[in-house]
Amino acid sequence: MSKTLLYLLFTIYLMATSGYLLHIFWRRSFVAKASFVLIVAGVILQTALLGHRWWAAGYLPVTNLFATLFFFSWALALTYLYFELRYRIRATGLFVMLLNLVLLGGALPRDTTVSLLIPALDTPLFSLHIIFSFVGYAFFAMAFSIGVLYLCQAQLSTELLPDLPTLRKINEEAIFLGFGLFTLCMVAGSIWAHIAWGHWFSWNIKSVWSVLVWMFYAGMCHAKFIRRWQGGVYAWLSIAGFGVVLFTYLGIGLLLESNHPLE
Amino acid sequence: MGSGKWPKPFLLKLWALGCSLKLAIALASAATLLIMGGSLVMHYNPAIFSGMEQEIMGQWLPQAWSRAPLLVFWVPLSGLCILLFALNTLCCLIDWLTMLRVRWRKTGEYLVHAGFVLLTVAYLWGNLSGFRSGPHRLAPGDRMSIPNMPGYLLQLEEFTPQIEPGGRPLDMINKLVLWKNGRQVLQKTIRINHPLIYDGLVILPSSYGQDIQGFRFHMPGTGFVDLAPGSRLPISSDVTLVVHRFLADARQDRQGRVMEIGSRLNNPALQLSLLGPSGTIWQGWYFLRRQLPEGMVKAGIELRPVEPVLTTFSLLTINRDPGDKMALTGGFCITVGVIFAFFSFYRKRRISDRPEI
C-alpha cells in the first residue's frame, strides 16, 4: 500500500475532524456538511485501499498490527457513517473521528507489507471471524464515544450535543449491534478453532478474554432493562466495556504471550 | 399448598429467582470478575496452567487442584457461576416459551439464550467425557489404536507435506483410514483446516518430521542405490551386500565397539556384511566419512555416498469431544437468533414497539 495514499487518507480524516471542531465554534451547516463529505470520501478511499490489499493478497489481510489498526479504523468510520445517516449526530462525530485518527495514526508509521498467510488462517471462517470481530469492536468504540458524550451532556446540557434520550438510544443500539456482531465472530471463531485445532474453546488468554468481552456486553444487553441503570450507569458501563475490548485487542496481543500475537 | 411438601409461594419465589434478570447480571458479573483475575494468575503461573489447553478440563482440574488449590480455585468457582447463569438462562427460556404467543417478537433473543444453554452443556459434556491427545507420530503404512476408544484403529496410508520453494510449509496431506472393530468406517484425506470428524472424534495434522533411514550411494556401472537396514544389494552372481544397521551419528571406541551418539546426521555408519556362496565373506562397520573398508574394496565394491535417505512421518492430533454436535447446534441457534434479533430490533423501533424491551 502506498504510504502517500495512507497519509492522504489521514489528512482527509484530520480535515473532517477539524471541520467538526470548527463547527462547535462557528455553527454554519456547510461546515458540518463539508466534514461529512470528507468522511464519505475518506471511507471510499479506505475501502478502495482495503479492497486492493485484499485483491493483491488473495485473502483478507488483517494479520498484523498495521492491518488490524487499518481495518478497525475503516470499520469505525463506517459505523460512524451509519449512525450519522440514521440520526444526524454531527458534533457527536468529533469524538468518534478523533478515536479513528488515533487508530489510523497508530497504523501510519508501521510496515504496510502484506505478510504471507499462515496455512491455518487460509479459510473463509478466518475472514468472517475478523470482519465480525472488528465491526463489533467498532460498535463498542461508538458506544464508548456516545457514553462519554452522554456523561458530558448530562453535566453540560449543551445544544451542541444530541439530547440525552437520543444519546441513550444510540448507545443502546451500538451495544446491541456490537454484541450481535461479536457473537457471530465468536461462533465463526469457534467453528474455525474446531477444524483447525480440534477444540472449539481453549483456555488461552485471548479466547478467555474474548469470552469476557462477550459476557460483559451480554450483561449490558440485559442491564438496559434495569431502570436505575438506564442512561448514566449504562454510559459508564460502555466506557468500562471498551476498556475490556482494548485490553483484549491490544493489551493481550502486545503485552502478553498469546496465539493472536500483534507485530 | 403446592405439590408435595413445598408451599406454592416458595416454588413461585424460587421460579422467580431462577428467571431473575438481576441474578443473571450478578452471576455474569461474578464469573467475569473471577475469570479476569484468573486470567492474570494463568499468565504468571504457566507451570500450573500450561496443561489447560492440552487437556480437557475434567483431566486438568483435579491435577492442578492437587498441586496448587489457591491458584486454581477461581476455575471451578467461575465454572459454577457460568453453570448457574446457564440455568438462569434456561429458566428465562422456559418462561418465555410459556408465553410464546404474546412474546414471539423476542424469538431472536431467546434463540441466543437457547444457544448459550446448549453451548454450556456441550462444553461440560465434552470436558468430562472427551479427551485431547497428541501429537501422535505415524509414518506411511503405520497403524495406531485411538486412545480411550477401544476397537478404533487409525491407519496412515499416505503422507505428503507441501512445501513452498522457499521452504515454508503450506499443507500436510494425510490419507487416513479409520477402523472400528476390524471394519473400515471412514477413509479421508485430511489437511490443514480439513480434519477427519467422526463420532465426536477430530483428527487433524499438527506437524511432521523426517527420519534418516539410510544413505544413497552412487555405484559406478550400476547407478544410484539406497542402502538402509534390511537392504540386500547383489554385487555379483554369488556375492550379496546386506545392510544390518544404520546410525546417523556413530562413534567407534578403542576396542572397536560402535555406539550411537544421536539421531542427527553427523558421522553416519552402516553395519554391513558380504555374503558369498559358502557364507559370510566380510562383515563390519562402514563409516561414511572414512574410506571404504578393505573387505569391501577386495570384493570389488565401489560406493560413493551421495545423500541421506529420509522418510517423512506425520504428527497427528487426536481429540474427542462428544458434545461437538450439540455445540454446533448451539452455534447455529445463536447465529439464527442474532439475525432474527437484528431484524426484529429495527422492526420494533419502526413500529415503536418498545424496542428496548
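Predicted model, so just to flag it, every value in this text is computed and none were measured.

Asks: How would you summarise the overall build of chain A if you had to cite specific residues and measurements?
Replies: Scanning chain A from N- to C-terminus turns up eight helices and zero strands. Starting at the N terminus and ending at the C terminus, chain A contains elements arranged as α-α-α-α-α-α-α-α. The C-alpha radius of gyration of chain A comes to 19 Å, within 12% of the 18 Å expected for a compact globule of 263 residues. Out of the 263 residues in chain A, the part that is buried amounts to 61%. For chain A, the accessible area works out to roughly 10500 Å², and carbon and sulfur atoms hold 69% of it. Charge centroids of chain A, computed over 15 positive and 9 negative side chains, lie 10 Å from each other.

Asks: I'd like to hear about the interface of chain A and chain B, residue by residue, with values.
Replies: The interface is formed by 51 residues belonging to chain A together with 51 residues belonging to chain B. Between chain A and chain B, the buried area comes to about 4500 Å², and carbon and sulfur atoms account for 72% of it. Per-residue buried area on chain A facing chain B is highest for W200(A), W203(A) and M215(A); these three make up 19% of the total on that side. Along the contact surface separating chain A from chain B lie zero salt bridges. Our enumeration of links across chain A and chain B arrives at nine residue pairs in polar contact (both at pLDDT 80 or more). Secondary-structure elements contributing two or more residues to the side of chain A that touches chain B are α3 (65–87), α6 (164–197) and α7 (205–223) of chain A. With 17 residues, α6(A) is the largest single contributor of residues to the side of chain A that touches chain B.

Asks: Provide a residue-level description of the packing of aromatic side chains, including the pertinent values.
Replies: Within a pair of aromatic rings, the relevant descriptors are the distance that separates the centres and the angle that separates the planes. Applying the stated criterion to the full structure yields 41 aromatic pairs over all chains. On the numbers, 5.6 Å between centres and 80° between planes, the contact of F201(A) with W203(A) is edge-to-face. The class for F201(A) is buried, based on a relative accessible area of 17%. With centroids separated by 6.1 Å and ring planes inclined at 35°, the aromatic side chains of F217(B) and Y286(B) adopt a geometry described as tilted.

Asks: Explain empty space enclosed by the protein residue by residue, including any values.
Replies: Within this structure, the stated rule accounts for two cavities of 30 Å³ or more. Within this model, the largest cavity holds a volume of roughly 90 Å³. Taken together, 13 residues make up the lining of the largest cavity; nearest its centre are H199(A), I56(B), N127(B), R132(B) and D321(B). At the level of secondary structure, the elements contributing two or more residues to the lining of the largest cavity comprise α9 (107–129), β1 (131–138) and β15 (304–320) of chain B. Among the elements that make up the lining of the largest cavity, the one with the highest residue count is α9(B) (three residues). Taken as a whole, the second largest cavity encloses approximately 40 Å³ of empty space. Lining of the second largest cavity is provided by F201(A), S202(A), W203(A), M52(B), E55(B), M57(B), Y123(B), N127(B) and R132(B).

Asks: Got a sec to walk through the pairing of strand β10 (residues 240–247) of chain B? Specific residues and values, please.
Replies: Residues and elements named next belong to chain B. Across three bridges, the pairing between strand β9 (residues 232–234) and β10 is antiparallel. From the neighbouring strand, P234 faces β10, where its bridge partner is T240. Following β9, the chain reverses through five residues before pairing antiparallel with β10. Relative to strand β13 (residues 269–276), β10 runs antiparallel, the two being bridged by seven bridges. When the bridges of β13 are listed, F246 appears paired with L270.

Asks: Can you explain the nonpolar core? Please cite residues and give values.
Replies: Membership of the largest hydrophobic core comes to 132 residues, with the highest contact counts inside it found for F72(A), Y217(A), F242(A), F49(B), M52(B) and W60(B). Broken down by element, this core gets its largest block of residues, 18 residues, from helix α5 (residues 124–156) of chain A. Other than its neighbours up to four places away in sequence, Y217(A) contacts F140(A), I175(A), F179(A), S238(A), G241(A), F242(A) and V245(A).

Asks: Hey, could you go over the packing of helix α1 (residues 8–18) of chain B against helix α7 (residues 74–98) of chain B for me, with residue numbers and the actual values?
Replies: All names here are of chain B. It is the contact of α1 with α7, at a shortest axis distance of 8 Å, that shows an interaxial angle of 110°. It follows that α1 is roughly perpendicular to α7 by the angle criterion. Along its contact with α1, which presents W15, L17 and G18, the element α7 presents N88, C91, I94 and D95. Here the contact of α1 with α7 is built from residues that sort into four nonpolar, two polar and one charged.

Asks: Account for the sheet that holds strand β3 (residues 152–163) of chain B, naming residues and giving values.
Replies: Residue and element names in this part refer to chain B. Read across the sheet, four strands follow the order β2-β3-β4-β5 without closing on themselves; strand pairing throughout is antiparallel. The two strands at the open ends of the sheet, each matched to only one other strand, are β2 (143–145) and β5 (183–190). Sheet twist, expressed as the mean angle between neighbouring strand axes with direction ignored, is 25°. Bridge analysis of β2 against β3 gives three bridges, and the strand direction is antiparallel. Paired with R143 across the two strands is Q155, which belongs to β3.

Asks: Give me the lowdown on helix α4 (residues 92–107) of chain A, citing residues and values where you can.
Replies: Over its 16 residues, α4(A) extends 24 Å from the first C-alpha to the last, a length consistent with the 22 Å expected when each residue adds 1.5 Å. Listed in full, the buried residues belonging to α4(A) are T92(A), G93(A), L94(A), V96(A), M97(A), L99(A), N100(A), L101(A), L103(A), L104(A) and A107(A).

Asks: Would you mind going over the state of the cysteines in detail, with residue names and values included?
Replies: Throughout the structure, instances matching the rule amount to zero disulfides over all chains. Of all cysteine sulfurs in the structure, the one in C221(A) sits closest to C185(A), which takes part in no disulfide; the separation is 15 Å. Sulfur of C221(A): no disulfide; nearest cysteine sulfur belongs to C92(B) and is 14 Å away.

Asks: Can you tell me about the pattern of salt bridges, naming the residues and giving the values?
Replies: All names here are of chain B. As enumerated under the stated definition, the model contains twelve salt bridges over all chains in all. Measuring nitrogen to oxygen at the nearest pair gives 3.4 Å for the salt bridge that ties D171 to R191. Taken together, the positions of D171 in strand β4 (residues 169–180) and R191 in the loop between β5 and β6 (196–198) put the pair 20 residues apart, joining distant regions of the chain. For D171, a relative accessible area of 9% puts it in the buried group. Exposure remark for R191: the relative accessible area of 34% places this residue in the partly exposed category. One continuous salt-bridge network, built from bridges that share partners, spans K106, E109 and K348.

Asks: With reference to specific residues and values, describe the environment of I318(B).
Replies: Residue and element names in this part refer to chain B. Following the sequence through the fold, I318 ends up in strand β15. Residues I318 and V258 lie 60 residues apart in sequence; the distance between their C-alpha atoms is 39 Å. Ignoring anything within four residues of it in the chain, the contact list for I318 reads F131, R132, S133, H136, M144, I146, L154, L201, V202 and I203.

Thresholds applied
- Residues numbered from 1 in each chain as written.
- Chains lettered and ligands numbered in written order.
- Predicted model: local features only at pLDDT ≥ 70, side-chain atom pairs only at ≥ 80, totals over all residues.
- Heavy atoms only, no water.
- Helix = DSSP H or I, 4+ residues; strand = E, 2+ residues; numbered from the N terminus.
- Rg over C-alpha atoms; globule rule 2.2 N^0.38 Å.
- Buried < 20%, exposed > 50% of the residue type's maximum accessible area, 1.4 Å probe, protein only.
- Areas by Shrake-Rupley, 256 points an atom, 1.4 Å probe, with all protein chains shown as cover.
- Lys, Arg positive; Asp, Glu negative; His and termini not counted.
- Charge placed at Lys NZ, Arg CZ, Asp CG, Glu CD.
- Contact = heavy atoms within 4.5 Å.
- Buried area = accessible area lost by both parts, 1.4 Å probe.
- Salt bridge = Lys/Arg side-chain N within 4 Å of Asp/Glu carboxyl O.
- Polar contact = N/O pair within 3.5 Å; in protein donor to acceptor, adjacent residues only side chain to side chain.
- Phe/Tyr/Trp six-rings, centres within 6.5 Å; stacked < 30°, edge-to-face > 60°.
- 1 Å grid on protein atoms, 1.4 Å probe; cavity = no way out; pocket = protein on both sides within 12 Å on 5 of 7 lines; lining within 4 Å.
- Points joined across faces, edges and corners; volume = space filled by probe spheres on them.
- Pairing = 2+ DSSP bridges.
- Core = buried A, V, L, I, M, F, W, Y, C linked by side-chain atoms within 4.5 Å.
- Axes fitted to C-alpha atoms, helices over the stretch in contact; angles between N-to-C directions.
- Parallel < 35°, antiparallel > 145°, perpendicular 65-115°, else oblique.
- Nonpolar A, V, L, I, M, F, W, Y, C, P; charged D, E, K, R; others polar.
- Expected span 1.5 Å × (residues − 1).
- Disulfide = S-S within 2.5 Å.

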